[in-house]
Amino acid sequence: MKSYLLYALLLLVAVACESNPSDSATIQSAAILSAPSIDGKKNDDCWSTAPSVLLDKNFEGKLPHATDYMGKFKICWDANYIYILGEAYDDSLVYPDSTSPGDHFELILAPKDSTQTQTSSIQALLNQKLQADIKDSIAQKIISDSKIAVNRQDKSVVFEIAIKKSPLLEKTFLKNGNELQFALTYHDFDKPGVRKAIMSNLEKKALTGAQAGWVLQYSKLILNP
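Quick caveat, the model's predicted, so the values are computed rather than measured. (Residues numbered from 1 in each chain as written. Predicted model: local features only at pLDDT ≥ 70, side-chain atom pairs only at ≥ 80, totals over all residues. Heavy atoms only, no water.)

### Some remarks on the packing of aromatic side chains
For the structure shown, the criterion picks out 5 aromatic pairs. Look at F73 and F182: their rings are 5.3 Å apart centre to centre, the planes differ by 45 degrees, and that puts the pair in the tilted class. Highlighted residues: F73 in strand β4 (residues 69–77) and F182 in strand β11 (residues 179–191), separated in sequence by 109 residues. Judged by relative accessible area, F73 falls into the buried class, the value being 1%. Overall, the relative accessible area of 0% leaves F182 in the buried class. When the ring of F105 is compared with that of F159, the centres are 4.8 Å apart and the planes differ by 55 degrees; the resulting orientation is tilted. Remark: F159 occurs in strand β10 (residues 156–164) and F105 occurs in strand β6 (residues 104–111); sequence separation between them is 54 residues. Neither F105 nor F159 differs from the other in exposure class; each is buried. Taken together, the ring pairs connect Y69, F105, F159 and Y186 into an aromatic cluster. Above the ring of Y81, the side-chain terminus of K147 is found at 4.7 Å from the ring centroid. Cation over ring: R152 sits above Y95, and NZ or CZ is 5.7 Å from the ring centre. (Phe/Tyr/Trp six-rings, centres within 6.5 Å; stacked < 30°, edge-to-face > 60°. Helix = DSSP H or I, 4+ residues; strand = E, 2+ residues; numbered from the N terminus. Buried < 20%, exposed > 50% of the residue type's maximum accessible area, 1.4 Å probe, protein only. Lys NZ or Arg CZ within 6 Å of the ring centre and 35° of its normal.)

Now the structure itself:
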């Protein structure tokens, strides 16, 4: 138990010492010269300089204690791919099985001018493999061209994903620009089939009227030269 508490505290200290965006509603991602290896090991040069964004807002469920959960992600890119690294400490890591996805990250990408009621988005479950959670053929094609690695050890899970900057992605999501909408969440389960919380980097947004309820807020992801 002490070793797990120490891991959580070290992760907190590491995050505190890194440069973090002051406003994660806008995420500035820098271009890199050396691409990371997609192996789930987070030891590439680009990850040592990319700023971290905390997944510390609860979209669903109760806000967990720092010794129970801590999550963050980083983004960088080059001419060929957009790279995302996600990391979480979880004191009760639940593995996927035939009945439940277990603890996992979920990624959403959308064009900058789309609304959250449109289906023109990539929504992917990040587990041992990429699973597009929509029937959009464009998104399915983009996902099939991507690469992912997930590494689970003791109380931690790390994933790396490389989303190919194909002509299809450029045309439908970036639209000859350098900006898109982005969301990453961590789904924290207590046991298979029993989800405790969904964590995001932004506070959930309330809707009123006919569509009353809560929705996930997207960040603005800007790919800087």
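### Re the nonpolar core
One finds I163, F182 and Y186 to be the most contacted residues of the largest nonpolar core, which totals 31 residues. Beyond its immediate sequence surroundings of up to four residues, F182 is in contact with I27, F73, I75, I84, L107, I108, L109, Y218, S219 and L221. Core analysis: the second largest hydrophobic core is formed by 10 residues, I32, C46, W47 and Y81 among them. (Core = buried A, V, L, I, M, F, W, Y, C linked by side-chain atoms within 4.5 Å. Contact = heavy atoms within 4.5 Å.)

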